[in-house]
Amino acid sequence: FFPQGLVMCFYGVLGFLLGVYIWLLILWNLGEGFNEFNLETGYVRIFRWGFPGKNRRIDLQYPIQEIQSIRVEIQEGINPKRIIYLKLRGNREIPLTRAGQPLSIQQIETQAAELAKFLQVSLE
């Protein structure tokens, strides 16, 4: 048996800490970044911001020759998932689309087809 005031204080502190955590994620721009596909240099660059610390900058660079294909994953239901993956040799997959509100199926298919045509790789 726990007193009601103690339980309400616990939920209040928990809600406050969760709110602070979410505001810090927004201020740190966690997950923000860009994708750069450069045919002149022959490299693909994927940059994202991570949590503060020595590994805050996530900067991945791969030669275009390592790209095997572009894969699209579409999953419908209560929590829809529409993601474009950059599939590299060795079965490594890197997501290219941002998290949040999913794009329409037509937009995802158009972006994936244009990217596959630009990089001259197959589309899965």
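Everything numeric here is computed off the predicted structure, so don't read it as measured data.

### Re the UniProt feature "transmembrane region" (unreviewed entry) in the protein chain
Taking the UniProt record as the reference, the feature "transmembrane region" (unreviewed entry) is found at residues 6–28. Within the segment residues 6–28, helix and strand shares are 96% and 0% respectively, and the terminal C-alpha atoms sit 33 Å apart.

### Here's the deal with the sheet that holds strand β3 (residues 57–63)
Spatial ordering of the open sheet is given by β1-β2-β3, a layout of three strands whose pairing is antiparallel. The open sheet terminates on both sides in strands that have one partner only, identified here as β1 (33–38) and β3. Averaged over all pairs of adjacent strands, the angle between their axes in this sheet comes to 10 degrees, without regard to strand direction. As judged from the seven bridges shared by strand β2 (residues 43–49) and β3, these two strands associate in the antiparallel manner.

### What to know about the nonpolar core
Residues Ile67, Ile70, Leu86 and Leu119 are the most contacted members of the largest nonpolar core, which totals 18 residues. Of all the secondary structure elements, the ones that give two or more residues to this core are β2, β4 (67–75), β5 (81–88) and α2 (105–119). Considering every element that reaches this core, the biggest residue donor is α2, with five residues.

### Considerations on a nonpolar patch on the surface
Together, Val13, Phe16, Leu17, Val20, Leu24 and Leu27 give the surface a local cluster of nonpolar side chains, amounting to about 580 Å² of exposed area. Looking at the element boundaries, Val13 is found in helix α1 (residues 4–27).

### Re unusual backbone geometry
The phi dihedral of Asn91 is positive, around 60 degrees, even though this residue is not glycine. Residue position: Asn91 is located in the loop between β5 and β6 (92–95). Overall, the relative accessible area of 64% leaves Asn91 in the exposed class. A positive phi is found at Gln120, a non-glycine position, where the angle reads about 60 degrees. Relative to the helices and strands, Gln120 is located in the loop between α2 and β7 (122–123).

Each value, and the rule that gives it
Residues numbered from 1 in each chain as written. Predicted model: local features only at pLDDT ≥ 70, side-chain atom pairs only at ≥ 80, totals over all residues. Heavy atoms only, no water. UniProt positions renumbered as here; feature names shortened; annotations may be inferred. Helix = DSSP H or I, 4+ residues; strand = E, 2+ residues; numbered from the N terminus. Pairing = 2+ DSSP bridges. Axes fitted to C-alpha atoms, helices over the stretch in contact; angles between N-to-C directions. Core = buried A, V, L, I, M, F, W, Y, C linked by side-chain atoms within 4.5 Å. Buried < 20%, exposed > 50% of the residue type's maximum accessible area, 1.4 Å probe, protein only. Patch = residues over 30% accessible without salt bridge, like charges linked within 9 Å, V, L, I, M, F, W, Y side chains within 5 Å. Areas by Shrake-Rupley, 256 points an atom, 1.4 Å probe, with all protein chains shown as cover. Salt bridge = Lys/Arg side-chain N within 4 Å of Asp/Glu carboxyl O.

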